[in-house]
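Descriptive structure summary
The primary structure of each chain is shown beneath.
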Amino acid sequence: RPTPSATATVPSGRFIGLSDAENRQLDRCTPAEAALASCGDAPALGAGTWFNTPGGAAVDLRDLRGSVVLVDFFSTSCVGCRRFGRYLNAWQSTYGSSGLRVVGVHSPQHDFEREDRQVARTLGRLGITFPVLQDQGFTTLTAYRTQVLPSTYLVDVRGTVRAVTLGEGGAARIEKQLRTLLRQRNGSAELPPAIGDIDGAATPIGTTTPIDLGRSDGRRYDTNSDTVVGDDTRFRLPPSQPDGTFSLGGLWTVGPDGSVPKTGAEARVAYRGRTALQLVGGDGTLTVTTSEGMTRTVRIDGPPDLVAVAAADETGTRSLTVRYEGDLRVYAFSFG
């Protein structure tokens, strides 16, 4: 199955090669291109649970003809998706009366995001009120030929895809494009002032991309002292490590979708950014020590969520070490 991946910066942007008669014309759109194009009918939205619709009714894009539609692929555990979600909320609120409809497609990165109840709680906490499809089998993600989160597709009143963005960023460009489409929809309508930049929603240039502790993709950096203890592995933190990597210390159960630290286990991450967040759930505490010598304790009590563990005034290269106590499951580090 496809595995959607979060990105902290705008990638070069390429569609996946798998295509069919329904989505082949997407190739006419160059992702992140400022000019509007004509890239075929928007692929149909697949089956799945719907949130924020009357009675959980499915949304059919054909029923939205006459409106400008923004289809956004995201994950509730993706920090870049959360940042961009602030624009989606603002645009829907600002331009809804002018004919804009935002439709979200939730593409779970982790197993806990497959639980409808968990997704519904997180959508409520993030203030997301537009319709959202739970794309369990990634059928809609595949139909739109992307595996990058977030990804955004602008669809005009005839149901034609006119612009695509694969990855985070480009909010100013996307708003300009959707305003053009709204004017084409009704040339006599007076649009409200543009939203522009939302303070704090942009990713600092050069920020380290998220680091998944289950799928390390070669980014774990350890000494050769790892030993197996039953179903667990004992690690030793190296004296130092390269930027954009993580290392483990102590006893861990390492799994494909997150890892479980035994009490007293540690993780260190070297990164570039201003803030660091940890995707973690369970019952316990995180003791965070930064490379600047600051130490703080963070209480964890509940389902997995993004938790801020460090913040600085400016973007820079730094590291932090987290010591885990209690019954916890750790999924990823993210940066901003």
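Residues numbered from 1 in each chain as written. Predicted model: local features only at pLDDT ≥ 70, side-chain atom pairs only at ≥ 80, totals over all residues. Heavy atoms only, no water.

Let's talk about the sheet that holds strand 2 (residues 50-51)
One key point about sheets: their strands pair by backbone hydrogen bonds, in either a parallel or an antiparallel sense. Taken in spatial order, the six strands line up as 2-5-4-3-7-8 in an open sheet, and their pairing is mixed. Across the chains shown, the open sheet's two edge strands, defined by having one partner strand only, are strand 2 and strand 8 (161-166). Both strand 3 (residues 68-74) and strand 4 (residues 100-106) contribute to a ladder of seven bridges, which runs parallel. Paired with aspartate 72 across the bridge in strand 4 is glycine 104. Lying over the sheet, helix 1 (residues 79-95) contacts strand 3, strand 4 and strand 7 (151-155), oriented at roughly 155 degrees with respect to strand 4. (Pairing = 2+ DSSP bridges. Helix = DSSP H or I, 4+ residues; strand = E, 2+ residues; numbered from the N terminus. Contact = heavy atoms within 4.5 Å. Axes fitted to C-alpha atoms, helices over the stretch in contact; angles between N-to-C directions.)

Concerning the pattern of salt bridges
One pass over the structure, following the stated rule, counts 11 salt bridges. Between aspartate 232 and lysine 262 there is a salt bridge, and its shortest N-O distance comes to 3.9 Å. Linking aspartate 232 in strand 11 (residues 232-235) with lysine 262 in the loop between strand 13 (258-261) and strand 14 (266-290), this pair joins segments that are 30 residues apart in sequence. By relative accessible area, which is 33% here, lysine 262 ends up partly exposed. (Salt bridge = Lys/Arg side-chain N within 4 Å of Asp/Glu carboxyl O. Buried < 20%, exposed > 50% of the residue type's maximum accessible area, 1.4 Å probe, protein only.)

Concerning helix 1
In this model helix 1 runs 25 Å from its N-terminal to its C-terminal C-alpha over 17 residues, within 8% of the 24 Å that 1.5 Å per residue would give. When you tally the buried positions in helix 1, you get 12 out of 17 residues, the bulk of the element. Within helix 1 the residues assigned to the buried category are Val79, Gly80, Cys81, Arg83, Phe84, Gly85, Tyr87, Leu88, Ala90, Trp91, Gln92 and Tyr95. (Expected span 1.5 Å × (residues − 1).)

Quick word on the state of the cysteines
All chains considered together, the criterion is met by one disulfide. Two residues, cysteine 29 and cysteine 39, share a disulfide whose sulfurs are 1.9 Å apart. The sign of the 95 degrees torsion about the S-S bond sets the cysteine 29-cysteine 39 disulfide as right-handed. Of this pair, cysteine 29 sits in the loop between strand 1 (5-6) and strand 2 while cysteine 39 sits in the loop between strand 1 and strand 2; the two residues are 10 residues apart in sequence, bridging distant segments of the chain. Each member of the pair, cysteine 29 together with cysteine 39, is buried. (Disulfide = S-S within 2.5 Å.)

A word on the confidence of the model for the protein chain
Overall, the prediction assigns the protein chain a mean pLDDT of 92, with 94% of residues at 70 or greater. Here residues 8-12 scores under 50 on pLDDT; set against residues more than four positions off or in separate chains, the count is 12 contacts. (pLDDT = per-residue confidence, 0-100.)

Focus on the nonpolar core
In terms of nonpolar packing, the biggest core is built from 54 residues, with Leu70, Val71, Trp91, Tyr144, Tyr153 and Val161 touching the most fellow members. With seven residues, helix 1 is the single largest residue contributor to this core. Aside from chain neighbours lying at most four places away, what touches valine 71 is Leu61, Val103, Val105, Tyr144, Ser151, Thr152, Tyr153 and Val155. Membership of the second largest hydrophobic core comes to 26 residues, among which are Trp252, Val269, Val298 and Val322. (Core = buried A, V, L, I, M, F, W, Y, C linked by side-chain atoms within 4.5 Å.)

Points about helix 4 (residues 171-185)
An ideal rise of 1.5 Å per residue puts 21 Å on 15 residues; helix 4 measures up with 21 Å between its terminal C-alpha atoms. Among all positions of helix 4, only Ala171, Arg173, Ile174, Glu175, Gln177, Leu178, Arg179, Leu181 and Leu182 are buried. Buried residues in helix 4 make contact with strand 3, helix 1, strand 4, strand 7 and strand 8.

Examining the pairing of strand 4
Within a regular strand, the side chains alternate between the two sheet faces. Burial runs high along strand 4: six of the seven residues are buried. For the segment spanning strand 3, helix 1 and strand 4, crossover handedness is right-handed. Relative to strand 5 (residues 132-134), strand 4 runs parallel, the two sharing three bridges. Across the sheet, valine 105 pairs through a bridge with leucine 133, a residue of strand 5. (Right-handed = clockwise from strand over helix to strand, strands pointing away.)

Structural notes on the environment of threonine 227
By secondary structure assignment, the location of threonine 227 is in strand 10 (residues 227-229). Remark: the alpha-carbon pair of threonine 227 and isoleucine 16, spanning 211 residues in sequence, is separated by 39 Å. Ignoring anything within four residues of it in the chain, the contact list for threonine 227 reads Asp232, Thr233 and Arg234.

Concerning the packing of aromatic side chains
A ring pair, where both rings are aromatic, is described by two values, the distance of the centres and the angle of the planes. One pass over the structure, following the stated rule, counts nine aromatic pairs. Arranged with centres 4.7 Å apart and planes meeting at 15 degrees, the rings of tyrosine 271 and phenylalanine 335 form a pair that is stacked. Highlighted residues: tyrosine 271 in strand 14 and phenylalanine 335 in strand 15 (residues 295-335), separated in sequence by 64 residues. Assessed through its relative accessible area of 1%, tyrosine 271 is described here as buried. Classification of phenylalanine 335 as buried rests on a relative accessible area of 1%. Within the aromatic cluster, the residues linked to one another by ring pairs are Phe73, Tyr144 and Tyr153. (Phe/Tyr/Trp six-rings, centres within 6.5 Å; stacked < 30°, edge-to-face > 60°.)

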